[in-house]
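Close look at the chain arrangement
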Amino acid sequence: AKRQGRNRAVAFHSEFADGMSRRLQLVSELRLALEQDQFVPVFQPLFDREGRAVALETLARWEHPVRGLLLPGEFIPVCEESGLIADLGRRILHQAARHYRRLAEHGLGHLRIAVNVSPAQFNDELVRDVAQVLREHQIPSDVLELEITEGLLMADPERAIELMNQIAAMGVSFSVDDFGTGYSSLAYLKRFPIDRLKIDRSFVRDLGTDDDDAAICNSIIGLAHALGIRTVAEGVETTMQLDWLRARQIDEVQGYLLGRPQSFDVLVATLQAR
Ligand code: C2E
Ligand code: CA
Ligand code: CA
Ligand code: CA
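Named according to an unreviewed UniProt entry, the chain is EAL domain-containing protein originating from Lysobacter korlensis.

What follows is the structure, given as structure tokens:
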């Protein structure tokens, strides 16, 4: 039994070491990927109540030289832990602004462009980055929207309010992403300069089959509207979900039913054909 225990410990240790070295290897790969500009944006459209496209959400992808196109789940967490997220976030922000210029050239300049911001990125540096991006790319500040998480608002509210106010003063707007997963009350949100709430996909998924989720969506929409905050539903995959949400006056919808994340060129061609 003793020997078995030791073997297990050895096995565990080497698994742990393997995990560590894989992680270190990934971090150095990510550094190189940043140097070589291997991160590319894809874009997913958001639609208003009349079905018109009103915004594009920028989603990062890693064009890995060997493994192909990788999803954020494979690299964002490691970027956050290793401090590389500031660099990645800045690049995505610049990419989004650059693509907005191209949207405008295609007659789609009325669309907002949304960028996800990690809590690890939320500091003075972000305020400077946003100012620089607006200046450098000469884009109207009200087309830029930052998607932040509920957790960020709750971790250090005073600091979050301060930074958000500085960015909002430039004309940039804020959405709270994955709303409903972080247990913050809607009344609490009133303290932050927030324009939109994005109802988390997990509540949208079971609309029509789960009464609790329907009640949650219903009350988020109602209370947000009472507070003058717009509502967005993410992860809309069925017409049943779409009809349910529209009947309850959701302002905007996003999901595979209406449009998947796509390369800029494909998306622009689709939007122009509508
Ligand atoms: P998110 O901000 O909640 O983005 C929405 C995610 O849901 C995207 O996954 C999108 O492809 C997916 N999605 C959209 N519609 C549907 C649908 O109808 N059904 C289902 N099942 N999924 C749908 P993706 O692209 O894998 O991104 C995952 C997360 O990675 C994002 O979640 C966001 O938190 C993070 N992320 C992506 N790009 C960036 C970035 O540039 N910076 C930062 N900090 N985070 C990013
Ligand atoms: Ca988002
Ligand atoms: Ca989300
Ligand atoms: Ca449920």
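With that out of the way, let us pick up the pairing of strand 2 (residues 53–64). For strand 2, the tally of buried residues reaches 11 of 12 residues, placing the bulk of the element in the interior. In this sheet, strand 2 lies alongside strand 1 (residues 39–47) in antiparallel orientation, the contact comprising nine bridges. When the sheet's bridge partners are listed, Phe47 is paired in strand 2 with Ala53. Counted between consecutive antiparallel strands, the loop separating strand 1 from strand 2 contains five residues, among which Gly51 sits at a positive phi close to 85°. In the sheet, strand 2 pairs with strand 4 (residues 112–116) via four bridges, with the strands oriented parallel. Counterpart to Leu56 in the pairing with strand 4 is Ile113. Where strand 2 folds back onto strand 3 (residues 68–70) in an antiparallel hairpin, the turn is made up of three residues.

Before going further, it helps to examine the environment of Tyr100. Along the chain, Tyr100 turns up in helix 3 (residues 85–105). Residue classification places Tyr100 among the buried residues on the basis of a relative accessible area of 6%. Considering only alpha carbons, one finds Tyr100 and Ile113, 13 residues apart in sequence, at a separation of 6.9 Å. Dropping the residues within four chain positions of it, Tyr100 is found in contact with Gly109, Leu111, Ile113, Ile139, Pro140 and Val143.

Around the calcium ion (ligand 2), the protein contributes the donor atoms Glu57 (OE), Asn116 (OD1), Glu147 (OE) and Asp177 (OD), at 2.1 to 2.3 Å from the metal centre. Read from N- to C-terminus, the donor residues coordinating the calcium ion (ligand 2) fall into the pattern E-x58-N-x30-E-x29-D. A separation of 4.1 Å is found between the calcium ion (ligand 2) and the calcium ion (ligand 3), which share Asp177 as a coordinating residue. With Asn116 in strand 4 and Asp177 in strand 6 (residues 173–179), this residue pair connects regions lying 61 residues apart in the sequence.

Before going further, it helps to examine the site of ligand 1. Around ligand 1, a shell composed of 20 residues is seen, among which Arg61, Asp177, Arg201, Glu237 and Tyr256 lie nearest. For ligand 1, an oxygen atom lies 2.9 Å from a polar atom in the side chain of Arg61. Notes on ligand 1: free accessible area 800 Å², of which the protein chains cover 82%. Of all the secondary-structure elements, those providing two or more residues to the shell around ligand 1 are strand 2 and strand 6.

Positive phi is not limited to glycine here, since Asp37 has a value of about 60°. With respect to the helices, strands and loops of the structure, Asp37 is situated in the loop between helix 1 (2–35) and strand 1.

Positionally, Lys198 belongs in strand 7 (residues 196–199). Discounting residues that sit within four places of it in the chain, Lys198 has contacts with Glu57, Glu147, Ser175, Val176, Asp177, Asp178, Phe179, Val232, Glu234 and Gln254.

With that out of the way, let us pick up the layout of surface pockets. Taken as a whole, the largest pocket spans an internal volume of roughly 930 Å³. Taken together, the elements giving at least two residues each to the lining of the largest pocket come down to strand 2, helix 2 (76–82), helix 3, strand 4, strand 5 (144–149), strand 6 and helix 8 (201–205). For the lining of the largest pocket, the leading source of residues is strand 2, giving five residues. Of the residues in the lining of the largest pocket, the class split is 15 nonpolar, 12 polar and 12 charged.

Calculation criteria
Along every chain, residues carry numbers that run from 1 in the direction the sequence is written. Both sets of labels track the order of writing: A upward for chains, 1 upward for ligands. Residue-level local features of this predicted model are given only where pLDDT is at least 70; pairs of side-chain atoms are given and counted only at 80 or more, and the full residue set underlies all totals for whole chains, interfaces and linings. Side-chain measures were taken over the full set of non-hydrogen atoms in the model, leaving aside hydrogen atoms and water. Burial status follows relative accessibility: with a 1.4 Å probe on protein chains alone, a residue under 20% of its type maximum counts as buried, one over 50% as exposed, and anything between as partly exposed. Helix and strand assignments come from DSSP, with helices taken as H or I runs of at least 4 residues and strands as E runs of at least 2, each series counted from the N terminus. In this analysis, strands are considered paired if DSSP registers two or more bridges between them. When checking whether two residues touch, look at their non-hydrogen atoms; a contact exists if any pair is within 4.5 Å. Metal coordination here is assigned from N, O and S atoms located within 2.8 Å of the ion, or within 3.2 Å for Na, K and Ca; omission of water means that sites may look incomplete. Only heavy atoms are used to decide nearness, and a residue is near a molecule or strand if one of them lies within 4 Å of it. Polar contact criterion, stated in full: a pair of N or O atoms within 3.5 Å, where within protein one must be able to donate a hydrogen and the other to accept it, and residues adjacent in sequence count only if both atoms are side-chain atoms. What sets the accessible areas is the Shrake-Rupley method with a 1.4 Å probe; for residues, cover comes only from the shown protein chains. Using only the protein atoms, space was sampled on a 1 Å grid; points where a 1.4 Å probe fits but cannot get out form cavities, open sets with protein on both sides within 12 Å along at least five of seven lines form pockets, and lining residues are those with an atom within 4 Å of a point. Grid points are joined across faces, edges and corners, and a volume is the space filled by probe spheres set on the points. By the convention adopted, Pro, Cys, Tyr, Trp, Phe, Met, Ile, Leu, Val and Ala count as nonpolar, Lys, Arg, Asp and Glu as charged, and the other residues, Gly among them, as polar.

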